[in-house]
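Coordinate analysis (summary)
Each chain, letter by letter, is given below.
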Amino acid sequence: MKKINKVVIPIAGYGSRMFPATLGIVKAMLPLVDKPVILYLLEEAIKADIKEVIIVMSKSQESVKDYLTLKDEKTIEKFKDKKEVKELKDLLAKIKLSFVIQTSQKGLGDAIACCEEACQGEDFGVILGDNPILCKEDIPFGIGQLKEEYEKNPGYYIGVKEVELSETKRYGIVSGKDYHNTTFLLDGMVEKPQDNPPSNCAALGRYILGSSVFKYLKEITYGVGGEIQITDAIRIAIEKEKVYGTKLVGTCHDTGNRTGFVMANIDYSSVRNDVWNEIKEFIKNNL
Ligand code: G1P
């Protein structure tokens, strides 16, 4: 059986929709309650039994690597008995991390192209660095959901969800005849259609890509927004191979914009017994 062992998490973007915060903090390090987004993404990968996560970062984001490799040994040692420190160490012990530098931010397609060597010819998953998924049931979600589909029937898989038609211009939009099913074969994909979207099924930050994607990435050039778009490489894959859409379970958040970030914080607090009662009361009494 073909398996997915590696996941790429691209985090190198400027995060300009979250300025000024992201002029000082890497977007993937913004906290949801008290944990940086990147840790939720690693938890998702671990739950999906992924063996290795490849983080694509820019040269100025060494702080993320320092954090995830527990470089500040003195502080870690000082607080080694604290529950949060133990949990962080336990989490990081469960997964192999590697780091790849994207030298200039030319878009998501370019970030993925930087991982050709690290992926070692294997098909792999992608989790976008600002799209955590909160699933309140104990079922495979996010990359775990796509991995399960892939392992039954290998191919490319794009995690999608239906969005309001007015929202389609913000996303990669897929089309396929059977798009009312949970998993369906794609016949097209467009990046951020400004009019006439082919459907209301949007790519929401989870992909399984075949190793052939690196070849397709070399065939494309700058696309929407002047960036190398993974959507354009996936469109070539749709012509040549089997590419499926799978409807994602759980709530897909976008912490890369202001409203999405605050809403994600509220949603993630709602599953935390230690903070939710107080926050809920505050919202009820003040807003
Ligand atoms: C990227 C992808 C887009 C996808 C979106 C999900 O866009 O290019 O296809 O729908 O992520 O968040 P970005 O939001 O980085 O512009």
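Presented here is an overview of the structure given in this document. Predicted model only: the values in this text are computed from it and were never measured. (Residues numbered from 1 in each chain as written. Predicted model: local features only at pLDDT ≥ 70, side-chain atom pairs only at ≥ 80, totals over all residues. Heavy atoms only, no water.)

Some details on the nonpolar core
- Of all hydrophobic cores here, the largest spans 52 residues; its most connected members are Ile 9, Ile 11, Ile 50, Val 53 and Leu 68.
- The element best represented in this core is helix α2 (residues 37-47), accounting for 7 residues.
- Residues in contact with Leu 68, not counting those within four places in the same chain, are Ile 38, Leu 39, Leu 42, Ile 55, Leu 92, Leu 97 and Phe 99.
- Core analysis: the next-biggest nonpolar cluster, separate from the first, contains 36 residues, Ile 54, Leu 128, Leu 186 and Ala 233 among them. (Core = buried A, V, L, I, M, F, W, Y, C linked by side-chain atoms within 4.5 Å. Buried < 20%, exposed > 50% of the residue type's maximum accessible area, 1.4 Å probe, protein only. Helix = DSSP H or I, 4+ residues; strand = E, 2+ residues; numbered from the N terminus. Contact = heavy atoms within 4.5 Å.)

Regarding the site of the ligand
- Inspection of the region around the ligand gives Arg 17, Leu 128, Asn 131, Tyr 171, Gly 172, Glu 191, Lys 192, Ala 203, Tyr 207, Gln 229 and Thr 231 as its neighbouring residues.
- At 2.9 Å from an oxygen atom of the ligand is found a side-chain nitrogen or oxygen belonging to Asn 131.
- Here an oxygen atom of the ligand sits 2.6 Å away from a polar atom, N or O, in the main chain of Ala 203.
- Here the ligand, which alone exposes 380 Å², has 82% of that area covered by the protein.
- The site holding the ligand turns out to be the largest pocket.
- Here the residues of the shell around the ligand are counted per class, giving 4 nonpolar, 4 polar and 3 charged. (Near = heavy atom within 4 Å. Polar contact = N/O pair within 3.5 Å; in protein donor to acceptor, adjacent residues only side chain to side chain. Areas by Shrake-Rupley, 256 points an atom, 1.4 Å probe, with all protein chains shown as cover. 1 Å grid on protein atoms, 1.4 Å probe; cavity = no way out; pocket = protein on both sides within 12 Å on 5 of 7 lines; lining within 4 Å. Sits in = over half its atoms within 2 Å of the grid points. Nonpolar A, V, L, I, M, F, W, Y, C, P; charged D, E, K, R; others polar.)

A closer look at the layout of surface pockets
- Size it by volume and the largest pocket reaches roughly 1300 Å³.
- What lines the largest pocket is a set of 45 residues, among which Arg 17, Lys 27, Leu 128, Asp 130 and Lys 192 lie closest to the centre.
- Listing elements by their share of the lining of the largest pocket, those giving two or more residues are α6 (108-113), β12 (201-209), α10 (230-240), β14 (251-252) and α11 (258-269).
- If you tally residues by element for the lining of the largest pocket, the top one is β12, at 4 residues.
- Considered class by class, the residues forming the lining of the largest pocket number 17 nonpolar, 18 polar and 10 charged.
- Roughly 800 Å³ of volume is contained in the second largest pocket.
- Around the second largest pocket, the lining comprises 28 residues; the ones closest to its centre are Lys 35, Tyr 40, Glu 43, Glu 87 and Arg 272. (Points joined across faces, edges and corners; volume = space filled by probe spheres on them.)

Description of the packing of aromatic side chains
- Within this structure, the stated rule accounts for 3 aromatic pairs.
- An angle of 20 degrees between the planes, with centres 5.4 Å apart, marks the rings of Phe 124 and Phe 214 as stacked. One end of the pair, Phe 124, is in strand β6 (residues 124-127); the other, Phe 214, is in helix α9 (residues 213-219), and 90 residues separate them in sequence.
- The buried category is assigned to Phe 124, whose relative accessible area is 0%.
- Plain terms: the ring middles of Tyr 157 and Tyr 244 are 5.0 Å apart, the flat faces sit at 20 degrees to each other, and that makes the pair stacked. (Phe/Tyr/Trp six-rings, centres within 6.5 Å; stacked < 30°, edge-to-face > 60°.)

Focus on the packing of α2 against helix α5 (residues 83-93)
- Running from amino to carboxyl end, α2 crosses α5 at an angle of 45 degrees, the nearest separation of the two axes being 10 Å. With respect to α5, the element α2 is oriented oblique. With respect to the hand of their crossing, α2 and α5 are arranged in left-handed fashion. Within the contact between the two elements, α2 uses Leu 39, Leu 42, Glu 43 and Ile 46 and α5 uses Leu 88, Leu 91 and Leu 92.
- For the contact of α2 with α5, the class distribution of residues is 6 nonpolar, no polar and 1 charged. (Axes fitted to C-alpha atoms, helices over the stretch in contact; angles between N-to-C directions. Parallel < 35°, antiparallel > 145°, perpendicular 65-115°, else oblique. Left-handed = near helix turned anticlockwise from the far one by under 90°.)

Describing the pattern of salt bridges
- Going through the model one piece at a time under the given rule, you end up with 23 salt bridges.
- A salt bridge links Asp 138 to Lys 47, with the nearest nitrogen and oxygen atoms 2.9 Å apart. Of the two residues, Asp 138 is situated in the loop between β7 (133-134) and α8 (143-152) and Lys 47 in helix α2; the sequence distance between them amounts to 91 residues.
- Where Asp 49 meets Lys 51, a salt bridge forms, and the shortest distance between an N and an O atom there is 2.8 Å.
- A single salt-bridge network, built from bridges that share partners, covers Arg 17, Glu 167, Arg 170 and Asp 254. (Salt bridge = Lys/Arg side-chain N within 4 Å of Asp/Glu carboxyl O.)

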